[in-house]
Amino acid sequence: MSRLLPRSLMAPAVITLFLWMIVPLVMTIYFSLVHYNLMQPGEKTFAGIENFHYFITDPDFWPAVLQTLELLGWVIIITVVMGVGLALLINDPFPGQGIVRVLLISPFFVMPTVNALLWKHMMMNPIYGVLGHVWKFFGWTPIDWMSDLPLMSVIIILSWQWLPFACLIFITSLQSLDREQMEAAGMDGANAFHKFWYLTLPHLGRSIAVVIMIEMIFLMSVFAEIFTTTSGGPGNDSTNLAFLIYKQALMSFDVGVASAGALFAVVLANIAAVFLIRMVGKNLD
Amino acid sequence: MSQKKSFPWVRTIASWFCALLIFFPLLWLGLTAFKTEGQAIAAQLFFTPTLDSFVEVQKRSDYTHYAFNSLITSVVSTVLGLMIAAPAAYSMAFFRTKKTRDILMWMLSTKMMPAVGALVPVYVMAQTTGMLDSLPALIIVFTLSNLPIMVWMLYSAFKEVPNDILEAVRLDGANVWDEFRHAILPLTVGGIASTGLLCLVLAWNEAFWSLNLTSAHAGTLAALIAQYSSPEGLFWAKLSAASLLAIAPIIVFGWFSQKQLVQGLTFGAVK
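Residues numbered from 1 in each chain as written. Chains lettered and ligands numbered in written order. Predicted model: local features only at pLDDT ≥ 70, side-chain atom pairs only at ≥ 80, totals over all residues.

Novice: Just to check I follow, could you spell out the overall build of chain A for this structure?
Specialist: Assigned secondary structure in chain A consists of 13 helices and 0 strands. Helices (α) and strands (β) of chain A occur, in sequence order from the N terminus, as α-α-α-α-α-α-α-α-α-α-α-α-α. Oriented by its inertia axes, the alpha-carbon framework of chain A measures out at about 80 × 75 × 30 Å. (Helix = DSSP H or I, 4+ residues; strand = E, 2+ residues; numbered from the N terminus.)

Laid out in structure tokens, this is it:
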């Protein structure tokens, strides 16, 4: 009884998730081993490792891997650093704190497609966009963000979307900071930087780990933001691994190669997961 | 204390400046939605508001149909998700074994698999079962993709329940359902609400599966907006009106529930 009950409570979640993982995985493994192009119906012949070879020797492959990591790294760095800064800034009560919080949190509720289109057109358009006007106001040449700095544009857009989330978690964490300890440190002559480095930052450690973990989960496979802004271009300058697989599957209709790529992405995700479990896992108990 | 209060206005101004800077793109979107196309392009600051773009959007793409799809998929997937996740999280938090953490980590690792990797298989399955472009397909996919996060959040919430309370209830001989209803639920209702709110937001905003599994029939607002991407790209007022209509419900909802939402967003990181 005492063993059966917890297991049966857990079963629905475990079984559905297991199916959700294993069925597509098995199908993907099968597809990756056959020649399967949607444009050439007919027999699916055994391909061995050809699909993998093709995907990995594709000149777009390594840039896509690199860009996946660049995107992940920059967005995490930007949101964590700015999130901590903002959280410290608005932590103490001031006039309008409630409204400031509401304004700050807003981008988190915006769906990726709206977020992407808003930035692509109304912010980053070199002629009519707001940033273009700002650049002209200062007498600079407006930047054609989407064609000249495509990856950076995507990074900016994603950072704007995720900053509120990071900031909110840090604000919540700061509220449980021991104020007496801070005051005691102040009396002992610790300056603001010392207090931040030795008290605040260690206190924030766990929430920083959580922010990194959640952002990694969502940013490993960024798709909609790239799809609606740059479509991975120009060329492949803003293509990440997820988008490269998408291109293979739905633009080249090559399911075999796309599946090989998907398996590669799964391996990459698992490497990241192991790394994360080491880092965050011990914080979960 | 006195030191802190000597320059509060600098912090106040800095905070307001940052908040407005971050909010500005949304403010701009809101303003552009009430402009004519000409005013939208010219980045005019002063204009007479018009509702033309909204009328045009509703006429052209049947906003209410997509909004209804978004509402149904996010609410049903959230309720369904809570029903599956809560027992699992309960079991993990109150019947801990050595494997508990491994199971939780395994669940989270399924969330890290890029959705695009499962696209072809899921598409094929939806096609063969005739569920392509249908609401049930989206609901199932949303539920499953939010499930790991839900289990994690609920687990964090349940874990905070003090042990002595549980033991007292168990000594009274309460069964699992009574124990949950009378002891756990009142103590963790905040965490459960917060989990539901987050998943509602995530499902409403989900774009990958909506874009790839649906078209006219079961399309959600996130997919509708993507349609305005290229052909309508230059019609900023209409794009803004459609966007505003798509995000307004969830943003207003988010504003009102933010205090509640934030409480549970700590994922056990804040003690």
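Novice: I'm lost on the overall build of chain B in this one. Help?
Specialist: For chain B, the count of helices and strands is 13 helices and 0 strands. Each helix (α) and strand (β) of chain B, taken in turn from the N terminus, gives the series α-α-α-α-α-α-α-α-α-α-α-α-α. Its C-alpha atoms put chain B at 70 × 70 × 30 Å along the principal axes. Here the analysis covers contacts within chain B between residues at least 6 apart in sequence; of these, 80% occur between residues at least 24 apart. (Contact = placed C-beta atoms within 7 Å.)

Novice: Please explain the interface of chain A and chain B as it appears in this structure.
Specialist: Counting residues at the interface gives 80 residues for chain A, matched by 80 residues for chain B. In terms of residue count, the dominant contributor to the side of chain A that touches chain B is helix α1 (residues 4-32) of chain A (16 residues). For the side of chain A that touches chain B, the class distribution of residues is 60 nonpolar, 17 polar and 3 charged. (Nonpolar A, V, L, I, M, F, W, Y, C, P; charged D, E, K, R; others polar.)

Novice: Would you take a moment to explain the packing of α1(A) against helix α5 (residues 63-94) of chain B for this structure?
Specialist: The description of two helices packed together rests on the angle between their axes and the distance between the axes. One way to put it is that α1(A) packs onto α5(B) with a least axis distance of 8 Å and a crossing angle of 130 degrees. Considering the angle they form, α1(A) stands oblique to α5(B). Our pair here, α1(A) against α5(B), has a crossing hand that is left-handed. On α5(B), the residues touching A:P6, A:L9, A:M10, A:P12, A:A13, A:V14 and A:T16 of α1(A) are B:I84, B:A85, B:P87, B:A88, B:Y90 and B:S91. Tallied by class, residues from the contact of α1(A) with α5(B) come to 11 nonpolar, 2 polar and no charged. (Axes fitted to C-alpha atoms, helices over the stretch in contact; angles between N-to-C directions. Parallel < 35°, antiparallel > 145°, perpendicular 65-115°, else oblique. Left-handed = near helix turned anticlockwise from the far one by under 90°.)

Novice: Just checking my understanding: could you explain the domain arrangement of chain B for this structure?
Specialist: Where interface size is quoted, it is often the accessible area lost as the parts come together. Residue and element names in this part refer to chain B. For chain B, the domain assignment lists domain 1 (2-33) and domain 2 (61-264). Taken over C-alpha atoms, the centre of domain 1 sits 31 Å from the centre of domain 2. If you look at the interface, domain 1 gives 4 residues, while domain 2 gives 6 residues. Here the residues of the side of domain 1 that touches domain 2 sort into 2 nonpolar, 2 polar and no charged. (Domains from an automatic or database assignment.)

Novice: Sorry, what's going on with the nonpolar core here?
Specialist: Most often, soluble globular proteins have nonpolar side chains that are buried together. Counting 166 residues, the largest nonpolar core has A:F223, A:I245, B:A85, B:A89, B:V151, B:L154 and B:I225 as the members making the most contacts within it. Looking at which element gives the most residues to this core, the answer is helix α8 (residues 135-159) of chain B, with 17 residues. Of the domains in this structure, domain 1 (2-33) and domain 2 (61-264) of chain B are the two that each give at least three residues to this core. Excluding residues that lie within four positions of it along the chain, B:A85 makes contacts with A:A13, B:L147, B:M150, B:V151 and B:L154. (Core = buried A, V, L, I, M, F, W, Y, C linked by C-beta atoms within 7 Å. Buried ≥ 20, exposed ≤ 12 C-beta atoms within 10 Å, placed from the backbone.)

Novice: Would you mind showing me how to read unusual backbone geometry here?
Specialist: As a rule of thumb, non-glycine residues mostly have phi less than zero, and peptide bonds are mostly trans rather than cis. Residues and elements named next belong to chain B. If you check the backbone angles, D62 has positive phi at about 50 degrees while not being a glycine. With respect to the helices and strands, the residue D62 is situated in the loop between α4 (52-61) and α5. The exposure class assigned to D62 is partly exposed, which follows from the 14 C-beta atoms found within 10 Å. With a phi close to 55 degrees, D133 is a non-glycine residue in the positive phi region. You can call D133 partly exposed: it has 16 C-beta atoms within 10 Å.

Novice: Please explain helix α8 (residues 150-174) of chain A as it appears in this structure.
Specialist: Because the α-helix completes a turn every 3.6 residues, residues three or four places apart line up on one side. Residue and element names in this part refer to chain A. Over its 25 residues, α8 runs 35 Å from end to end, which matches the ideal 36 Å to within 8%, given 1.5 Å per residue. Residue W162 marks the point of greatest curvature in α8, where the axis turns by about 35 degrees; the proline P164 follows within four residues. By the criterion of burial, α8 is predominantly enclosed, with 19 of the 25 residues buried. (Expected span 1.5 Å × (residues − 1). Bend = angle between axes of the 7 residues up to and from the residue.)

Novice: Where do I start with the environment of A:P142 in this structure?
Specialist: Residue and element names in this part refer to chain A. The topology assignment puts P142 in the loop between α6 (130-137) and α7 (145-148). In the structure, P142 is positioned 21 residues away from H121 in sequence and 14 Å away in space, judged by C-alpha atoms. Setting aside chain neighbours within four positions, we find P142 in contact with P126, G132, W135 and K136.

Novice: What am I meant to see in the environment of A:Y128 here?
Specialist: When you line up the elements, A:Y128 lands in the loop between α5 (112-123) and α6. Here the alpha-carbon distance between A:Y128 and A:F52, two residues 76 residues apart in the chain, equals 44 Å. The residues touching A:Y128, leaving out its near neighbours within four places in the chain, are B:I41 and B:A43.

Novice: Help me understand the packing of helix α3 (residues 61-89) of chain A against helix α10 (residues 192-219) of chain A, please; the structure alone is not making it clear to me.
Specialist: Residues and elements named next belong to chain A. Put simply, α3 and α10 touch, their axes get as near as 10 Å, and they point 145 degrees apart. In the packing of α3 onto α10, the handedness of the crossing is right-handed. The residues of α10 that touch α3, namely those facing L71, L72, V75, I76, T79, V80 and V84, are L204, I208, V211, I212, E215, M216 and L219. Of the residues belonging to the contact of α3 with α10, the class tally is 12 nonpolar, 1 polar and 1 charged.

Novice: Which parts of the structure should I look at to understand the confidence of the model for chain B?
Specialist: Close inspection of predicted coordinates is inappropriate for parts of the model with low pLDDT. All names here are of chain B. Per-residue pLDDT for chain B has a mean of 84; in total, 93% of the residues score no lower than 70. Mean pLDDT in chain B bottoms out at helix α1 (residues 2-5), which sits at 47, and peaks at α5, which reaches 92. Among the prediction metrics, the complex's ipTM stands at 0.85, with pTM recorded as 0.87. (pLDDT = per-residue confidence, 0-100.)

Novice: I'm lost on the environment of B:F208 in this one. Help?
Specialist: Mapped onto the elements of the fold, B:F208 is located in helix α11 (residues 208-213). On the neighbour-count criterion, B:F208 (22 C-beta atoms within 10 Å) is buried. Along the primary structure B:F208 and B:V75 are separated by 133 residues, whereas in three dimensions their C-alpha atoms are 18 Å apart. If we skip the residues at most four places from it in the chain, B:F208 touches A:F223, A:A224 and B:A115.

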